[in-house]
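Residue strings, one per chain:
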Amino acid sequence: MDGYNFAYLDEQTKRMIHRALLKAVAIPGYQVPFGGREMPMPYGWGTGGVQLTASILGADDILKVIDQGADDTTNAVSIRHFFQRVAGVETTTATTAADVIQTRHRIPETPLRAGQILVFQVPIPEPLRFIEPSEQETRLMHALEEYGVMHVKLYEDIARYGHIATTYAYPVKVDGRYVMDPSPIPKFDNPKLDGNPALMLFGAGREKRLYAIPPYTPVESLDFEDHPFEIQRWEHSCALCGSDRSYLDEVITDDKGGRMFVCSDTDYCQTRRGDVA
Amino acid sequence: MTVKTEMTKDLVWPGLADPAHDSQRLFRQILGAMSEPGTLTTLALPAPPQAAPSDALGAALWGAVLTLCDLETRVWIAADLDSPALRQALTFHTGARITDDPVSADFALLTHESFDPQTPFALGSDTYPDRATTLLVVVERLANAGPSMLSGPGIETTRALDIGDSPGCRALKDRLAANRASFPRGLDMIFGCGAQLAAVPRSTRVDSREVN
Ligand SMILES: [Zn+2]
């Protein structure tokens, strides 16, 4: 292990990200531009999250990496191995044991605690991008709190489907000010953003933006009085651990059309199975 | 922690002995302080020399300078902290550029005594509020007590923070309270008192009621 470039990034890049992170924390939900470096992996693998993790990780941190809730996907395993190699850090699959958790598309079911840092990989940081392609214009919309278009988009859903059809990357408003893309987590996870005791950091590698939700920050999902925000619910409980309150994935069990619903959060599910066994 | 030192006119301004790991450790403390406004943290590093005529910068703020500044940053120094020794140490250890123009400064070093609400630091713009000066301020004391209550992001309910009673400390509290009116533009402050550090970003609501 090369101590000089601990955790892969050079010291100047880390300092630049450090300065941007302090600004992100000071202005919750605001996207801070940063001059990221190229990472040795393709963008789809979460370079933004990897850069944030690399810039905050210390030798005595315990790291957890999840992809869609699972610790054992190819993406999660290779990012975990990357940090074992370049930082020599201890890793874990246990949410409760981790100091830093890098995630793609989920927030763990096990409640986070004060002092933990959750790092999200973000593909598209700008929640207004699908309405307005110009960065200059979206910045102006954020500056003027011109968020009516976002409500129009959600209301078009209601007109067309009778409910808000957006189920992932469901937009939130942070501390009553900035509308923010929570990354492609299921809207099931949105309530966990609100008042969470952990620090949540978001990194977008391609667009080189980072943003933050400090601990205990009010985060509300956008909705309407006559159509309040609702999370996904299932008829089933987890087929493996019996949980009736976790986010479930439908998995195919055989080639005869057999299927079952299981927790997307593998650590949560395995811990529950261990507890009841 | 071992110390690497640089002699400047027989005053020893310590650098970080192990830059990669020390700056990571100190940054995480500063990030924690900014994320949970008003919490106190003690930065473990050697103190700079107590040679300045008034309050010295103190170990915590010197640690913040070493952690956050480099040749991409501009630093403004208030007259009461300014000295050839500090300038040399800052340049030697960080490569930061020193500026006389507060609006162009990324970081400003000052004390509660030299704080002037009229100093035109950068507040950022409505579209780029991050382009604001971060103030590193030596204060009289740091304690979670007193009538000044903080609330907002990073604070579960409220948190008391006492930085001192001097006219400068009162002016700092008033300036912090004024951040809400200009949000998202504003000034983020990192306070130091010896090795202790606390931060109050612009997102924090400060109840600045006075007690007589
Ligand atoms: Zn389960």
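Since the model is a prediction, treat every value here as computed from it, not as a measurement.

Visitor: Lay out the overall build of chain A in plain terms, naming residues and giving numbers.
Guide: Of regular secondary structure, chain A possesses seven helices and twelve strands. Against the compact-globule benchmark of 19 Å for 277 residues, chain A has a radius of gyration of 19 Å, which places it among compact chains. A principal-axis box enclosing the C-alpha atoms of chain A has dimensions of 55 × 55 × 35 Å. Taking all 277 residues of chain A together, the buried fraction comes to 58%. Considering only intrachain contacts with a sequence separation of at least 6, the fraction spanning at least 24 residues in chain A is 61%. Carbon and sulfur atoms form 51% of the exposed surface of chain A, whose accessible area is close to 11500 Å². Within chain A, one finds 28 positive and 39 negative side-chain charges whose respective centroids are separated by 4 Å.

Visitor: Please give an account of the nonpolar core that cites residues and values.
Guide: If you look at the biggest cluster of nonpolar residues, it comprises 88 residues, and the most contacted ones within it are A:L21, A:F83, A:L210, B:W62, B:L109 and B:I190. Those residues in contact with B:L109 that sit more than four places away from it in its chain are B:L57, B:V65, B:V75, B:W76, B:I77, B:A78, B:L81, B:L86 and B:L136. One finds B:A105, B:L110, B:F191 and B:A198 within the second-largest nonpolar core, a separate group that totals 25 residues.

Visitor: Before we move on, could you go through the coordination of the zinc ion and cite the residues and values that matter?
Guide: Residue and element names in this part refer to chain A. Looking at the metal site, the zinc ion is ligated by C238 (SG), C241 (SG), C263 (SG) and C269 (SG), spaced 2.2 to 2.3 Å from it. Coordination geometry of the zinc ion: the four donor atoms subtend angles of 105 to 117° at the metal centre, consistent with an arrangement described as tetrahedral. On the primary sequence, the residues serving as donors to the zinc ion are separated as C-x2-C-x21-C-x5-C. The exposure class assigned to C238 is buried, which follows from its relative accessible area of 4%. Its relative accessible area of 9% is what places C241 among the buried residues.

Visitor: Account for the packing of aromatic side chains, with residues named and values stated.
Guide: By convention here, two paired aromatic rings are described through the distance between centres and the angle between planes. Summed over all chains, the structure comprises twelve aromatic pairs over all chains. Taking the centre distance of 5.6 Å and the plane angle of 50° together, the rings of A:Y30 and A:Y178 count as tilted. Taken together, the positions of A:Y30 in the loop between α1 (11-26) and β1 (32-33) and A:Y178 in strand β7 (residues 178-180) put the pair 148 residues apart, joining distant regions of the chain. We note that A:Y30, like A:Y178, is buried. Here A:F82 and A:F83 contribute two aromatic rings whose centre-to-centre distance is 5.2 Å and whose plane-to-plane angle is 75°, an arrangement assigned as edge-to-face. Taken as a pair, A:F82 and A:F83 share a single burial class, namely buried. Taken together through their ring pairs, the aromatic side chains of A:Y8, A:F82 and A:F83 make up a single cluster. The cationic tip of A:R177 hangs over the ring face of A:Y178; the distance from NZ or CZ to the ring centre is 4.4 Å. Between the NZ or CZ atom of B:R131 and the centre of the ring of B:Y128, over which it lies, the distance is 3.8 Å.

Visitor: Any details on helix α2 (residues 47-56) of chain A? Residues and values, ideally.
Guide: With respect to burial, α2(A) is a largely interior element, ten of its ten residues being buried. Where α2(A) is concerned, the buried positions are A:T47, A:G48, A:G49, A:V50, A:Q51, A:L52, A:T53, A:A54, A:S55 and A:I56.

Visitor: Requested: an account of the sheet that holds strand β6 (residues 172-174) of chain A, with residues and values cited.
Guide: Residues and elements named next belong to chain A. The strand order across the open sheet built from three strands is β7-β6-β10, with neighbouring strands paired in antiparallel fashion. Of all strands in the sheet, those bounded by a partner on one side alone are β7 and β10 (219-221). Averaged over neighbouring strand pairs, the angle between their axes works out to 30° when direction is ignored. The sheet contact formed by β6 and β10 spans three bridges and is antiparallel. Within β10, the position partnered with V174 by the bridge is V219.

Visitor: Before we move on, could you go through the interface of chain B and chain A and cite the residues and values that matter?
Guide: Contact with chain B, which involves 39 residues of that partner, is made by 37 residues of chain A. Across the chain B to chain A interface the summed buried area is about 3300 Å²; carbon plus sulfur atoms make up 62%. Ranking the residues of chain B by area buried against chain A places B:F27, B:R28 and B:D130 at the top, with a combined share of 17%. If you look at where chain B meets chain A, you find five salt bridges. As a salt-bridge pair, B:E72 and A:R19 come within 3.4 Å of each other at their nearest N and O atoms.

Visitor: Pulling in residues and values, what's your account of the domain arrangement of chain A?
Guide: Residues and elements named next belong to chain A. Per the domain assignment, the segments making up chain A are domain 1 (11-127 + 172-221) and domain 2 (235-277). Computed over C-alpha atoms only, the centres of domain 1 and domain 2 are separated by 26 Å. On the side of domain 2, eight residues touch domain 1, which itself brings 14 residues to the contact. Across the domain 1/domain 2 interface, buried area totals approximately 860 Å², and carbon plus sulfur atoms make up 47% of it. Where domain 1 packs against domain 2, one counts seven residue pairs in polar contact (both at pLDDT 80 or more). Broken down by class, the residue content of the side of domain 1 that touches domain 2 amounts to five nonpolar, five polar and four charged.

Visitor: Tell me what's going on with the pattern of salt bridges, and back it up with residues and numbers.
Guide: Applying the stated criterion across every chain, the model contains 26 salt bridges over all chains. Across the salt bridge formed by A:R104 and A:D67, the nearest N and O atoms sit 2.4 Å from each other. Here A:D67 lies in strand β2 (residues 62-67) and A:R104 lies in strand β4 (residues 100-104), a separation of 37 residues in the sequence. Using a relative accessible area of 7% as the deciding quantity, one classes A:D67 as buried. A:D175 is paired through a salt bridge with B:R205; the nearest N and O atoms lie 2.9 Å apart. Taken together, the residues A:D175 in the loop between β6 and β7 and B:R205 in strand β12 (residues 205-207) connect one chain to another. Several salt bridges converge on common partners, so that one network encompasses A:R129, A:E135, A:R139, A:E207 and A:R209.

Conventions used here
Residues numbered from 1 in each chain as written. Chains lettered and ligands numbered in written order. Predicted model: local features only at pLDDT ≥ 70, side-chain atom pairs only at ≥ 80, totals over all residues. Heavy atoms only, no water. Helix = DSSP H or I, 4+ residues; strand = E, 2+ residues; numbered from the N terminus. Rg over C-alpha atoms; globule rule 2.2 N^0.38 Å. Buried < 20%, exposed > 50% of the residue type's maximum accessible area, 1.4 Å probe, protein only. Contact = heavy atoms within 4.5 Å. Areas by Shrake-Rupley, 256 points an atom, 1.4 Å probe, with all protein chains shown as cover. Lys, Arg positive; Asp, Glu negative; His and termini not counted. Charge placed at Lys NZ, Arg CZ, Asp CG, Glu CD. Core = buried A, V, L, I, M, F, W, Y, C linked by side-chain atoms within 4.5 Å. Donors = N, O, S within 2.8 Å, 3.2 Å for Na, K, Ca; no water. Tetrahedral: all angles 85-135°; square planar, octahedral: opposite > 155°, others 65-115°. Phe/Tyr/Trp six-rings, centres within 6.5 Å; stacked < 30°, edge-to-face > 60°. Lys NZ or Arg CZ within 6 Å of the ring centre and 35° of its normal. Pairing = 2+ DSSP bridges. Axes fitted to C-alpha atoms, helices over the stretch in contact; angles between N-to-C directions. Buried area = accessible area lost by both parts, 1.4 Å probe. Salt bridge = Lys/Arg side-chain N within 4 Å of Asp/Glu carboxyl O. Domains from an automatic or database assignment. Polar contact = N/O pair within 3.5 Å; in protein donor to acceptor, adjacent residues only side chain to side chain. Nonpolar A, V, L, I, M, F, W, Y, C, P; charged D, E, K, R; others polar.

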